[in-house]
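Here are the chains, one letter per residue:
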Amino acid sequence: MNNQGKNQMSSIRGPRGMMKGPVVKPKNAKKTLYRIWSYMGKRKPPLAAAIILVIVTSLLNLLGPYLIGVIIDEHIIPKDISGTIRMSLILAGIYITTSLLTWLQTYLMVNVSFTTIGMLRQDLFAKLQTLSLRFFDKRAHGELMSRVTNDIDNLNNALSQSVIQALSSILSLVGITIAMFSLNWILAIITLIVIPLMVIIVRQILKRSSENFVKRQKDLGELNGFVEEAISGGEVVTLFSKEKDFLTVFNERNEQLRSSATKAETFSGFLGPVTNFINNLGLALVIGAGAFMAVQGSVTVGMIASFVNYSRQFSRPISQMANLVNTILSAIAGAERVFAIMDEQPDVTNKPNALSVTKFAGDVAFENVSFGYNDEKMILKDVTLTAKKGEMVALVGPTGSGKTTIINLLTRFYDISNGDIKIDGRSISDYNIHDLRNRIGIVLQDTYLFSGTIADNIRFGRLDASDEEVKSAAKMANAHSFIKHLPQQYNTVISAGGGNLSEGQKQLLSIARAMLSDCDILILDEATSNIDTKTEIDIQRGMSNLLKGKTSFVIAHRLKTIENADQILVLKDGQIIEEGNHRELLEKQGFYHKLYTQQFTI
Amino acid sequence: MNTIKSLYPYLKPYKWLALFAPLLMVIEVLADLLQPTIMQHIIDYGIANNNQTYVITRSILMLMLALIGLAAGIVCAILSTKAAVNFSTDIRKSLFEKIENLSNSNRDKLGTGHLITVMTNDVTSVQNALNMTLKVLVRGPLLFAGSIVIVLLTARSLFPIIVVVVPILFLCIWFVITKAGKLFKKVQQSVDRVNTKVQENLSGMRVVKAYVRESYEINQFKEANSSLTRANMSAVQLISLLMPVILFVVNIGMVATLWLGGLQVEAGKIEAGVILAFINYLTIILNGLMSSSMVLMQITRAFPSAERIDSVLKTKIDIPPANSAAQINRLKGDLSFQNVTYSYSKNGENVLKDISFTARHGETIGIIGSTGSGKSTLAKLISRLYDPDGGEIFVDGKNLTDYDVKELRSSIGFIPQKATLFTGTIDMNIRMGKDHASSSEIEDAADFACATEFIEKLPERYEYPLTRGATNLSGGQKQRLSIARAFVRKPAILVIDDATSALDAVSEAQVLKHLKEEFADATVIIIASKISSLLHADHIIVMDEGKIAEQGTHEELLRYRSLYYDIYLAQGGKEVLPSE
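Residues numbered from 1 in each chain as written. Chains lettered and ligands numbered in written order. Predicted model: local features only at pLDDT ≥ 70, side-chain atom pairs only at ≥ 80, totals over all residues.

### Brief notes about the overall build of chain A
Item 1. Across its full length, chain A carries 19 helices and 12 strands.
Item 2. Looking at chain A residue by residue over its 602 residues, the buried ones come to 47%.
Item 3. For chain A, the proportion of contacts with a sequence separation of at least 24, taken over those separated by at least 6, is 79%. (Helix = DSSP H or I, 4+ residues; strand = E, 2+ residues; numbered from the N terminus. Buried ≥ 20, exposed ≤ 12 C-beta atoms within 10 Å, placed from the backbone. Contact = placed C-beta atoms within 7 Å.)

Written out as structure tokens, the structure is:
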């Protein structure tokens, strides 16, 4: 009885993780397998060694039951003590070797798969960093997250366990069949009779339960979605006294889940007793037939012992096979999706001889720029503007008029389809992208903060900034006053997205971050929309020092903040409809005048 | 253990199921356990005595036992699944009922994220644990104990092998499982770190690109990634050590059985069949031991879940939920605050300090002040989302706490800062404000909220289905629907908590105009950050750090040349006093 160790793991009964809904089949398994193989690179020799070890241990596993039979027949029953002891020692030696080799084999395999997977994850992350925003616009974050987490984990499981298990299962099946037939072909056939039965029944159960699991998964998903919505919208539910109504809907869905969950889990619960029964059936057949033949003298007691052990070894690989194949298939499908990302071409790239720059004078020009995020709708139509070195340019206009898009294009988050954008007289596509962005400081509309300390987040603007510089940037941005009240001040840890800070505080931090960065062109995109008016004025005072000598682009909802701009560009539906300074525009009595007066009268 | 006791009532309706399932499991296990003994008898009596009838009858007995085991096992699976699914469904139901009835401050304290996790993950994990307990946790120890008893009865002379092997197995499993638990905790932490890194790089992609921090982030990720790889490897390596070691111990036990058994057969004390049966029992013992310890590990993970469920169920609700049976009277809407104080933390700083003001029906009260000055909190007290810590609030001269909350809330139209909408049609969302609103009432409300212009452009108009979180609408559109939802109930008191921020100036002006015209009788409390939204309020309250700093009409406040005046100037007001 050699392999029963692994038997234990699989004989744990209950709702196991095997029902994950339908299996997604890979599109081109061969190509993907080849890529995984080439990914293993230097780890091929240990992998080969592991595979050889699997073959050796599978063979050794066959020897055990055979020897037990021999010992009983030739030494114990004839009462040959010294022979029993000698053979027992040999058997012990075989067992020790098997254990050692099994350990070595998993050790190697775990090492190979985890290092491979680690590299794959690293490469995938690095690849994501090179892709342009257009790529991310098209895909949900959740979907990309699941590439980096689920798909890679599945591949890991398949590599570190399933492949080896499948291999050793196949080897033991073949080996045991050969061993049984060479011992006694009649008993071998009797042992094998239950196999087709097992395959058919297990497959039927898996089919039924996975059908029901799909339904249960759907019901559970819907229920959880509803719960999430009801709980996060709890305040509104309370305000409108809708508690009872929500409860009614919930109960309906909960009952649906009750029935689909019962069906799905009952079916999968059958798997345990049924495979157990088939094992017992096989055992009874082998013993009954074996004993019958033994009475007639054609079979020995030891041979029965060997067959009993073989039949026990047989059931595990069979009942696991379906599951292993599914795991491996979905791992390959996952790998396919991972490689699909690896193959993506970033659409914003450096030109072959991209110019590297360490400083811009700061002359910016848009020449007849047209742009749309997709082909259907143009966001900017024939926009032309010039900002001279040191000027402050304000962009105003209703939501959706294309203000933020202008910023996105200047930083080459997207490349334009028509026209040209120039800095210091050269097209921005001539510059090295990283140099270009390095010289442009930007406070974005979305003030994303990273998990880490407050200081880390400000220092994101310039990595080598000293603590003093961080602090003075925070002071200029008016962030110091709230930071000093935090429990650990600058070392206070914030969660990803800055969850525990208010919108206004997040904006102050992202302003501080921008103030720290050393740049020639500064962009403020609705940087102060969540900050109250008084603080905003204080920040502007601090910022005026920073803006000195730099070209700046400011987008603001509150027109008061941009009255002093050198140029105000009024955008509507992707076009510049008015331009000039505050006074000129007011005199014009046009759209700007309308916007300006509206914000102050009803 | 207390937690188990408190969740027991949910199992009670299914206690017969939960009792019969393990009993049936006992039958299945017994059927399994008897197999090797019968086999031994076949070999030692049947074959040794050349007794064909004995062999045949005993083989049939084995088959019968297998069938009985199958039947018992299947029924056990049905019963235990039924018990576990019903148990968890009922818990889920009670939990949700409880959660729906929680007050806002209950919810704040527990955290919405926490509540969602309890409802989704914790309930499932308790269900799995019960299912496991009813099936595996009975099976494992039974197999284990049963085998030992049988061996003790039939092969006493080989029993010493068990005495040596079982404790060693125990130690190995215990050692690895406790050690692995710690290692896997580390793995989980590393996984969290890697996931956070990925998540925040996806969400903060523009920031990373704007600051050219790609290689910096790649390096940060490398650290997290390699620590995950290391943690994973050491945990998995330890686990994979367990298998060969256990195999080794059991196999050596088998060799010892052959050796010792051989000696005893030679001495004529036992038959060869006993050795064979003993080897089989050794396997079963190992099976039982392994499965019960693995399952036990999973079950212990469910304990914290049960505790979390219990603590939600035990939460004391501090503001009673709406009782639909209440008789609903039409309120006039006279509102007054008297020396109201409120603090979220109950020991920290007061968010509202000594607030007193009166609003008569038909009046519009504007509230302005910087972020954190307590404006929203004040609004929430009116709807009893929170109860004041000090002072009193009256509507129509009656203390808020004397009303049935449903009666009170149905007279208030509240437009929160965040426009929360629900999956369903536009009609359904507006109808939340008034159950049996006619379609013309719905359309009027949408019209007053300036929502008609975009609704009419939609293909399904009022039947347009909103996705979760209304992601298929823009911020301004969401706000308009949220306003319409409050308008449709024609409330006696209308509370507008900075709810027009995403509207363009023209639409906002329209909405405010409708407000004046269509809700002339209502008490309107309007919170805003822009003075322009408050120009026509009858009375303006300026809040600063939880206190009322100044109040009066627009003109009066300008004359004070204080806080309000500063805001006025900052927002572009001219440096002259408006004509009086």
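### Describing the overall build of chain B
Item 1. Summing up its helical and strand segments, chain B has 18 helices and 12 strands in all.
Item 2. Across the 580 residues that make up chain B, the buried fraction comes to 48%.
Item 3. Of the contacts formed within chain B by residues at least 6 apart in sequence, a portion of 78% connects residues at least 24 apart.

### Thoughts on the interface of chain A and chain B
Item 1. Taken residue by residue, the interface counts 131 residues in chain A and 136 residues in chain B.
Item 2. Of the residues forming the side of chain A that touches chain B, the biggest block, 30 residues, is contributed by helix α9 (residues 243-296) of chain A.
Item 3. Split into classes, the residues belonging to the side of chain A that touches chain B amount to 64 nonpolar, 49 polar and 18 charged. (Nonpolar A, V, L, I, M, F, W, Y, C, P; charged D, E, K, R; others polar.)

### Some words on the pairing of strand β9 (residues 493-497) of chain B
Residues and elements named next belong to chain B.
Item 1. Judged by how many residues are buried, β9 sits mostly within the fold: 5 of 5 residues are covered.
Item 2. In β9, alternate side chains face the same way, and those of I493, V495 and D497 on one face and L494 and I496 on the other are all buried.
Item 3. For strand β6 (residues 412-415) and β9, the ladder comprises 4 bridges, and the chain directions are parallel. Residue pairing in the sheet places I412 in a bridge with I493 of β9.
Item 4. As defined by bridge partners, β9 adjoins strand β10 (residues 523-527) across 5 bridges and the pair is classed as parallel. Residue pairing in the sheet places D497 in a bridge with I527 of β10.
Item 5. Handedness of the crossover joining β9 and β10 through helix α16 (residues 505-518) is recorded here as right-handed. (Pairing = 2+ DSSP bridges. Right-handed = clockwise from strand over helix to strand, strands pointing away.)

### Structural notes on unusual backbone geometry
Item 1. Phi is positive for D382(A), close to 50°, though the residue is something other than glycine.
Item 2. For D382(A), the location among the structural elements is in strand β2 (residues 380-387).
Item 3. Despite not being glycine, D498(B) has its phi angle at roughly 45°, a positive value.
Item 4. Looking at the element boundaries, D498(B) is found in the loop between β9 and α16.

### A word on the environment of L11(B)
Residues and elements named next belong to chain B.
Item 1. Assignment of secondary structure puts L11 in helix α1 (residues 2-11).
Item 2. Taking the C-alpha atoms as reference, L11 lies 5.5 Å from F87; in sequence the two are 76 residues apart.
Item 3. If we skip the residues at most four places from it in the chain, L11 touches A18 and F87.

### Quick look at the nonpolar core
Item 1. Counting residues in each nonpolar core, the largest one holds 217 residues, and the members touching the most others are I287(A), I304(A), F278(B), A449(B), A484(B), V495(B) and I525(B).
Item 2. Considering every element that reaches this core, the biggest residue donor is α9(A), with 21 residues.
Item 3. Judged by nonpolar contacts, the second largest core, of 75 residues, contains A394(A), A474(A), M543(A) and A556(A). (Core = buried A, V, L, I, M, F, W, Y, C linked by C-beta atoms within 7 Å.)

### With respect to the confidence of the model for chain B
Residue and element names in this part refer to chain B.
Item 1. For chain B, the mean per-residue pLDDT works out to 82, and 96% of the residues sit at or above 70.
Item 2. Counted against residues more than four places away or in other chains, residues 576-580, with its pLDDT under 50, gives 5 contacts.
Item 3. Taken together, the chains of this predicted complex give a pTM of 0.71 and an interface ipTM of 0.79. (pLDDT = per-residue confidence, 0-100.)

### Comments concerning the sheet that holds strand β5 (residues 426-427) of chain A
Residue and element names in this part refer to chain A.
Item 1. Strand order across the open sheet formed by 4 strands is β2-β1-β4-β5, with antiparallel pairing between neighbours. For this open sheet the edge positions go to β2 and β5, each flanked by a neighbour on one side alone.
Item 2. Sheet topology places strand β1 (residues 364-371) next to strand β4 (residues 418-423); 5 bridges connect them, and they run antiparallel. If you follow A365 over to β4, its bridge partner there is K422.
Item 3. In the packing of helix α11 (residues 403-410) onto the sheet, the strands contacted are β1, β2 and β4, and the crossing angle to β1 comes to about 115°. (Axes fitted to C-alpha atoms, helices over the stretch in contact; angles between N-to-C directions.)

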